[in-house]
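Coordinates in review
The lines below spell out each chain.
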Amino acid sequence: MKNFIELLRNEWNSYSKNTQIALYVLFGLSALFVIFAIQILFWGLGYTDMNNNFAMGLWIIGDLGLVALGGGAFFTGFLLYILRVDKLNPLINSTVLLGFMCYLFTFILLVFDIGQPLRAWFGYAYPNWGPGLLPISMLTEVVWCLTLYFCVLCVELIPIPLKHKIMDNIPFFRYFGHYLHKLMWIMAAVGTFLSFFHQGSLGGGMWGVLYGKPVWFRPHYFFLAIVAATAGGTAFMMLIPKIAGKIMKKEVAPKETFMTLARISGVMFVFYLIFRLYDLYSLTVKYVPLADRSYADILGGYYGWWVVIAELLLCLVPIVVFNVAKLREREKYYMAGLIAGVSAISMSKVEAVLHGFSVPNFPWKGFTVYNPTIQEWFIFLGSLAIMTLVYMWFARYLPLFPHLHKGGHGDNKAHT
Amino acid sequence: MSGQEAPKKKVSDMKRLWGMSIDLDKCTGCGACQVACSQENNMPIFEDDSDLPKRVVFLDLMKVTNEMDKGAKFGDVKVAYLPKMCMQCAGNDPDNPYPPCVSVCPVVATDIGDDGVVSQIWSRCIGCRYCQASCPYEARVFHWWKPVYEGSFKEGLNPDVSVSSRGAVVKCTFCSHIWKRERDRMIAKGITDINAVQYTPSCVSSCPTGAMKFGDLKDPRSPVYEEKLRRDPRAVRLVHSIDELRDTNPAEYDRRMKIKQFPNPKVWYLTGSEWLRKKLSVFEKS
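A brief report on the enclosed structure follows. (Residues numbered from 1 in each chain as written. Chains lettered and ligands numbered in written order. Predicted model: local features only at pLDDT ≥ 70, side-chain atom pairs only at ≥ 80, totals over all residues. Heavy atoms only, no water.)

Turning to the interface of chain B and chain A, a few remarks are in order. On the side of chain A, 52 residues touch chain B, which itself brings 61 residues to the contact. Buried surface at the junction of chain B and chain A, summed over both partners, amounts to about 4,800 Å²; 57% is from carbon and sulfur atoms. Our count for the contact surface shared by chain B and chain A stands at three salt bridges. Between Lys54 of chain B and Asp49 of chain A there is a salt bridge whose closest N-O contact spans 3.4 Å. Mapped onto the side of chain B that touches chain A, the elements with two or more residues apiece are strand E2 (60-65), strand E3 (79-84), helix H2 (130-134), strand E4 (141-142) and helix H8 (274-281) of chain B. Counting residues per element, the side of chain B that touches chain A draws most heavily on H2 of chain B, at four residues. Tallied by class, residues from the side of chain B that touches chain A come to 36 nonpolar, 12 polar and 13 charged. (Contact = heavy atoms within 4.5 Å. Buried area = accessible area lost by both parts, 1.4 Å probe. Salt bridge = Lys/Arg side-chain N within 4 Å of Asp/Glu carboxyl O. Helix = DSSP H or I, 4+ residues; strand = E, 2+ residues; numbered from the N terminus. Nonpolar A, V, L, I, M, F, W, Y, C, P; charged D, E, K, R; others polar.)

In structure tokens form, the structure reads like this:
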């Protein structure tokens, strides 16, 4: 025991002062996550002080954001294993881990959001599937696709810890990892198929089918969410390793890898912006007037125009940076493109939820104001903190970035 | 029971389509309907029931006023009270006539029967509130707290209605438990034709001015015969101005009635006041 404490102390002292402060913050947020998780799961959602005006909490924005950004895992896997863009290989482990955590926490946040967590399994036992192959409820599809895709991500993730030098010395694990790796293209294909559906469902279809609500209804929302995931997801899959590289002061993947993915992300952002502009146009002239409303009037209150404009402006940054070689090669612009890209897709989810719930349903009511409660904030931030800690742990102790272990580039400083 | 074996009936033999009309010109806003509804459906009373966004009621008495309208100065301000419950939407798509809430439930906790009543199985609900998000009439409420029944209140609970648990979405079901009770009573008398059964929800039976009427929308003898309501210039349905188009623009009315994006509620409001009819159905466009 004494040795173990000594080991931990040495480990802690090996970190820089800044890392120690960051770890204090992350552990603190994680602890608050646990405290409020116990409160919500044991005593109910009433204690969050949420109400029927804004029936879904901040964590639903987190949920939608995590799915969209984690969707980069399926798209990157698809590019690498199916389209054979081999340059992306150095990032794939990080991508799989990010995808795994995003989906894991989507599940966890969904459990917090339902009023009856003990009945969470009803989604499997009594699904609203209907007689055909297509499910009736989008949430049913989400539950099933998330589960199956999460299983795929588990299979994709297992080879990473198995490549650790201790595990790799055990022949069974070495061969097991090796053969799992051989199956990756099948997993990538299955994952792409499953992810395609649940991206659409949770990201857009879930809201697009609410035909009683003019603020949400549009039949193409399903596909818009898929494009959003391919654009924002790829930006997210670059942003996190890039930050990790900056903290570790190492080149975690070759610059060529980042540039290849940036080019793809840039093209996807162009598609996304065109689709989103069409989306806004169709809402204005077609779908919102069906409900005797005007889209301009719906974009009122605190979460109206500025959210949409901010999203569109943020979208322009990765489009310009990633599609112009000179700009994307410059580190500062490149980072700005990544941050703006991830923010743009997150903002689109903020718009869907905040805007959707704040719009009045009756002509004699005003826009609703939303103040997330302390529980919503800390469950949301705590989730992000735990994900960060897990990623940090993987980056430090497991072969998350194979490029670092290949020698040569590993000890080099990050490109600046 | 009469001892005779009841002939097997298909569900599709149901010919009733329950609906409601509320005459706002007769409504005094006394709140008897709300109290009766809460009592009938075992609604809990919480310590602070002034917390409106968290309150659990099936029937909400909403205050509608032109106070915020331009030009409504002192003396011109008008007020009406609107008993608002689940609108029991029929849906408008002939191929997929679901209310907005039914098709979104991931666990089939809500469904629409061929009598037109949108059900809600409290013990099946997982409390995801997706139906609540989809409802354009804010008719569904979430049970944020564990229901508490103070003192002797517990003795007055209705044995026909289960006590809802914390963490489930609840809503008005047109007191369908009364209909089931009446149906059982008829069967006990040997009458097995379910179409012979009539009933009255508690809000309607408690209304002192007779402003609320309930019945079969398909029955010409019913006080809420749908064809008659459609022709009534005083009739209006919440939020949509679609009914106004029937006379002014029949072609557009037919087109809109074929579009899926209309929940087609089965609760009609009646009023001769132009401002109120406009307020209920039309959003001011800038």
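The rest of the description comes next.
Let us look at the nonpolar core. With 146 residues, the main nonpolar core has Trp207, Phe357, Ile379 and Tyr391 of chain A together with Tyr130 of chain B as its most contacted residues. If we ignore the near neighbours within four places in the chain, the residues touching Trp207 of chain A are Met56, Ile60, Leu64, Leu202, Trp216, Phe217, Tyr221, Val353 and Phe357 of chain A together with Tyr130 of chain B. By size, the runner-up hydrophobic cluster in this structure holds 55 residues, among which are Met20, Phe174, Val267 and Leu280 of chain B. (Core = buried A, V, L, I, M, F, W, Y, C linked by side-chain atoms within 4.5 Å. Buried < 20%, exposed > 50% of the residue type's maximum accessible area, 1.4 Å probe, protein only.)

A few words now on the packing of helix H4 (residues 92-113) of chain A against helix H11 (residues 221-248) of chain A. All names here are of chain A. Two numbers describe how H4 lies on H11: the axes approach to 10 Å, and their chain directions differ by 110 degrees. Of the possible angle classes, the one that applies to H4 and H11 is roughly perpendicular. Contacts from Ser94, Thr95, Leu98, Gly99 and Cys102 in H4 reach Phe236, Met237, Ile240 and Pro241 in H11. (Axes fitted to C-alpha atoms, helices over the stretch in contact; angles between N-to-C directions. Parallel < 35°, antiparallel > 145°, perpendicular 65-115°, else oblique.)

Close approach of charged atoms allows side chains of opposite charge to pair. Residue and element names in this part refer to chain A. All chains considered together, the criterion is met by 23 salt bridges over all chains. Note that Arg396 and Glu11 form a salt bridge whose closest N and O atoms lie 3.0 Å from each other. Of the two residues, Arg396 is situated in helix H17 (residues 374-397) and Glu11 in helix H1 (residues 2-13); the sequence distance between them amounts to 385 residues. The partly exposed category is assigned to Glu11, whose relative accessible area is 25%.

Along the polypeptide, Asp115 of chain B turns up in the loop between E3 and H2. The buried charged residue Asp115 of chain B lacks any salt bridge partner; its closest oppositely charged side chain belongs to Arg183 of chain B, at an N-O distance of 6.8 Å. (Lys, Arg positive; Asp, Glu negative; His and termini not counted.)

What follows concerns the environment of Trp268 of chain B. Among the secondary structure elements, Trp268 of chain B is positioned in strand E8 (residues 267-270). Residues Trp268 of chain B and Gly127 of chain B, 141 residues apart in the sequence, show an inter-C-alpha distance of 29 Å.

To continue, consider the side chain of His177 of chain B. All names here are of chain B. In this fold, His177 is placed in helix H3 (residues 176-188). Residue His177 is classed as buried on the basis of its relative accessible area of 10%. Every residue in contact with His177, bar those within four places of it in the chain, is listed here: Glu40, Asn41, Asn158, Asp160 and Val161.

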